[in-house]
Structures are given as C-alpha cells and as structure tokens.
Amino acid sequence: MGMNQTPSSERVHIGLFGRRNAGKSSVINAITNQDTAIVSEVRGTTTDPVYKSMELLPLGPVVLIDTPGLDDEGELGRLRVQKGLDVLRKTDIALLIVDGSLGMSEEDEQLEEELKKRGLPYLVVLNKTDICTGKSSTGNGTDLAGLTGVREDSASWKAAHSGSRVRVRARTGEGITELKECLARLVPEKSSVKRLVGDLLEPLDLVMLVVPIDKAAPKGRLILPQQQTIRDVLESGAISVVTRDTELKSALSRLAEPPKLVITDSQVFEQADRDTPENILLTSFSILFARYKGNLAQTVRGAGALETLQDGDRILISEGCTHHRQCNDIGTVKLPHWIQEYTGKKPEFDFTSGAGFERDLKKYHMIVHCGGCMLNEQEMQYRFGEAAAQGVPMTNYGILIAYMKGILKRSLQPFPEMARLLKKDQKENRT
Ligand SMILES: Nc1nc2c(ncn2[C@@H]2O[C@H](COP(=O)(O)OP(=O)(O)OP(=O)(O)O)[C@@H](O)[C@H]2O)c(=O)[nH]1
Ligand SMILES: [Mg+2]
C-alpha cells in the first residue's frame, strides 16, 4: 500500500461467497471491469481469497474479496472453505453469489442463515440469468429490481433490504450497475463518521505528536497510525506539530502556547509523561486506535489481568501485520521484558502475527494485541469478541505499557467516558 492510497483497513470490505462455479470471480471481474480473478468452467478455480482494492462509485474506496467455493470437498477443500469463511470476520457487506439456473443450494441457505445471525448486510446475487428457466427466483428476500432509483438511506431501509435478490449476468455485465447501486446503499455508514482524534479538537487547536526515529522505525516513511492521526488532525482544521521524543521537551518550550494534546508512541510513553507538563493532556496512538476500533473499555480492563498473573501462565502476544520491525521488536522483546519486570513472574509467551488468530484462547491468562492499524474494525471486533466470549482478558500494547508505567489514568483523561469507567471499576473492586 502506498501513501497515496486509502489504507486497506479504512476501506469497506465486500466479501463474495457462494458455491464453486456460481460465478463469484466473474462478478468481481464485472464489477472491477478487469480480469482481476481467474474464471473458468472448472469447479474450484479460486483456491485462496483474492483481494482487490478499488474506488467503487458511488461507494468510494472498497476491497472486494473473492473466496473459494463453499461446497469444496476433500481434506484440502475443507481447508479452503474454512479460509473462505474466515473472510466473513472482516466483511462489512456480503454478496452471496448463486447460480440462478440451479437456485439456492443447502450451502447457500446455511450461509444466508449465518449472515442473518451476524447481522451483516448482504445481497443475494442471482447470476447466469441468461440460462435461467424461469424458476430462478429463489428464497424469500425481496427483489431489488426497480428499487434502485429510490433514494431512501435510513438504517431501517437498510435492514429491510438486506437479503434482497439482485439478478445479473456477470458474463455480459448486465445488471452490474444496479448491483453496485444496491451495494452502495446497503453499506453501513459508521466508518465514515468515526474519528481517530478529530472529535476532540477545535479548529486551530495545537496537537503535538511524538514519533521516535530509531533503528526500529521503517526507512523513509512514517507508520500508518502516525499518518492517519496527522490526517485526522488536519481534517479538523487543527495544527499538528511532529517531533521526536528526543526533542519533545525543547519543542514544547518553543511553542508560544501549550498544545491541547500530546500524542505519543507508546514505546516512549514514560519519557513523554515526564517531559509533558501535567496541565497538558497526554495520550498515545494506540489508545486512539483502541477507541477508534471500538474496544477501548475492554482493552483498559484487560490490562488489569497482570495483577493475577502466576509463574507458568500463558500470555498470547498478537500483532496484525507481519512487516514492520518496530512491532516485532516491541512485541517479542520489550513487552515480555516489561511484563516480567512489572509482575516479577515468569509467564510463557506465545507470539502470532498477520491474518492468523488463534481459535482456542482459553489456554491464555491474557492476550496482548497490537493497535491493529492494518486490520479493519470488523476483524478487530471479531478478535476482541472471541476473547470476551471465551472469558480471556485482552488488552493492547500501548495500554499495557501505560498501565505498567503508571500512566494509564493520565492517558485516558482526554476521554471523559473512560475516566468514569475506571472510577466505576475501582468502586466495584473495592466492594
Ligand atoms: N451462462 C453464463 N455463464 C457464466 C456467467 N457468469 C459466469 N459464467 C461462467 O460460469 C463459470 C464459473 O465462473 P467463475 O467466475 O469461475 O465461478 P466461481 O464462482 O469463481 O468458481 P470457483 O472459483 O471455482 O469457486 C465460468 O465458465 C463462467 O464463464 C453468466 O452470467 N452466464
Ligand atoms: Mg472463482
């Protein structure tokens, strides 16, 4: 991903699912108007999820995800099906592609049930209408044909029209424009209104960002959380001043007035805390991201699990990306060291990175996740949801560091709702 593209985690994720040969890859090609995915009459052509980023008008930046057929067989086939279903975790809107000449199969119906259960908006795309014999109308969803011109974008409209049937011929492109319009109107709007930091700022507010440039920092660029934060500060009409940790103190003293907020990389939290006068609000990129991805409360509570850690307990340290060394260094070296130092215990550490996330979490005393800037909100919600469902405390790098260094309370001050929550927790713990 280049700096001139919307990060993948910010794009609406559209997953295409269905049986082998239903025409999933053909629909992707018709939507993108390119040979993005291989199409053939051989069943099981697509064997791994394929991601295609694009600007999809009138929707904006999206990622389309092609998946292997839901009815794949054999040992390898079952693995492929599972990989396809894993894509559901990050899907914002699903397209269930059905061969219209065959109608809904058992697998299609099961998937439709699953989509309803998850409350995911979806469309059933009846493909190959050129060879349909008239019985193609399947299932009990409403037909969206004829509705495409209607402008009504309320949440209840979306709920009522999720599951609608759309007829297309992927091979000739017929119906694809209508499909795009329907898609655009079913997409949840939440991602466009949520802000990383902009909601805390007024125009012309000063914000100081602390970015260490050490050996671990990637060459020639800033990392994604830093880029996105600067972008959001600018969007509010506020002013961002970026400094290294080594210059923070001087930078603060050279400003004519104190900044409203200092946002630091968690690795230099302690120093930023020391160098930032108490009357200035201080937080970290990872705290902003936990709030942005909707799991700040769980993350803050999760950090407390350190207090009950015993020798030999297992801790899972998990990060969403595989590529910048900065994460690796902090995840595999610094965090384990700090945890042992803080608790005086000798736990066992497991490390994972990238798209994979352990299914059986019960064996862990706690999970420490990175900020997840490379993962979309749906995927982060899934991971935090799984931990909660399995009763395992989960926190993130930055919040755990703040907790161990005694800075957590201060770094939550910019968010009044969190300060209230901490107070309530303390009260409950006392009683
Ligand atoms: N008649 C007709 N055939 C189509 C249409 N769309 C796709 N096909 C054909 O259906 C076959 C399967 O298409 P794919 O797009 O590869 O199907 P898929 O769902 O991706 O299949 P797998 O990757 O094997 O799971 C190909 O031979 C396509 O040419 C259509 O609208 N009409
Ligand atoms: Mg395919």
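Residues numbered from 1 in each chain as written. Chains lettered and ligands numbered in written order. Predicted model: local features only at pLDDT ≥ 70, side-chain atom pairs only at ≥ 80, totals over all residues. Heavy atoms only, no water.

Caption draft 1: Geometry of the packing of aromatic side chains. For the coordinates displayed, the defined rule picks out three aromatic pairs. With 6.2 Å between their ring centres and 80° between their planes, Phe-289 and Tyr-292 make a pair best called edge-to-face. Here the residue Phe-289 and the residue Tyr-292 both occupy positions in helix α10 (residues 285–292), the gap between them amounting to three residues, near one helical turn. For Phe-289, a relative accessible area of 2% gives the class buried. On the basis of an interplanar angle of 20° and a centroid distance of 6.3 Å, the ring pair of Phe-349 and Phe-351 is categorised as stacked. The exposure class of Phe-351 is partly exposed, given its relative accessible area of 39%. (Phe/Tyr/Trp six-rings, centres within 6.5 Å; stacked < 30°, edge-to-face > 60°. Helix = DSSP H or I, 4+ residues; strand = E, 2+ residues; numbered from the N terminus. Buried < 20%, exposed > 50% of the residue type's maximum accessible area, 1.4 Å probe, protein only.)

Caption draft 2: Layout of the sheet that holds strand β11 (residues 314–319). Pairing in this open sheet of four strands is parallel, and the strands run β12-β11-β13-β14 from one edge to the other. Every other strand in the sheet has two partners, leaving β12 (348–353) and β14 (394–396) as the edge strands with one partner each. Direction aside, the axes of adjacent strands within the sheet are offset by 20° on average. The strands touched by helix α11 (residues 296–303) within the sheet are β13 (366–369) and β14, with β14 carrying the most contacts at an inclination of about 100°. Its contacts with the sheet place helix α14 (residues 397–404) against β11, β13 and β14, and it is angled at close to 90° to β14. (Pairing = 2+ DSSP bridges. Axes fitted to C-alpha atoms, helices over the stretch in contact; angles between N-to-C directions. Contact = heavy atoms within 4.5 Å.)

Caption draft 3: Representation of the nonpolar core within the structure. Of all hydrophobic cores here, the largest spans 59 residues; its most connected members are Leu-296, Leu-335, Leu-400 and Leu-412. Two domains each provide a minimum of three residues to this core, namely domain 2 (198–288) and domain 3 (294–430). The contact partners of Leu-335, leaving out residues within four places of it in the chain, are Ile-317, Ile-330, Val-368, Tyr-397, Leu-400, Ile-401 and Met-404. Counting 27 residues, the second largest nonpolar core, distinct from the first, contains Ile-14, Ala-30, Leu-95 and Cys-182. (Core = buried A, V, L, I, M, F, W, Y, C linked by side-chain atoms within 4.5 Å. Domains from an automatic or database assignment.)

Caption draft 4: Just the site of ligand 1, in detail. Close to ligand 1 lie 24 residues, the nearest being Lys-24, Ser-26, Gly-44, Thr-45 and Thr-46. Between Ala-22 and ligand 1, the recorded distance is 3.2 Å, taken from a backbone N or O atom to an oxygen atom. At 3.2 Å, a side-chain N or O of Asn-127 approaches a nitrogen atom of ligand 1. For the shell around ligand 1, the leading source of residues is helix α1 (residues 24–32), giving three residues. When the residues that make up the shell around ligand 1 are grouped by side-chain class, the tally is five nonpolar, ten polar and nine charged. (Near = heavy atom within 4 Å. Polar contact = N/O pair within 3.5 Å; in protein donor to acceptor, adjacent residues only side chain to side chain. Nonpolar A, V, L, I, M, F, W, Y, C, P; charged D, E, K, R; others polar.)

Caption draft 5: How the structure looks around the sheet that holds strand β2 (residues 50–56). The six strands are arranged β2-β3-β1-β4-β5-β6 in an open sheet whose pairing can be described as mixed. Each edge of the open sheet carries a strand with a single partner, namely β2 and β6 (164–167). Between one strand axis and the next, the sheet turns by 25° as a mean value, whatever way the strands run. Across four bridges, the pairing between strand β5 (residues 122–127) and β6 is parallel. Within β6, the position partnered with Val-124 by the bridge is Arg-165. Sitting on the sheet, α1 touches β1 (12–18), β2, β3 (60–66) and β4 (93–99), and the angle it makes with β3 is about 160°.

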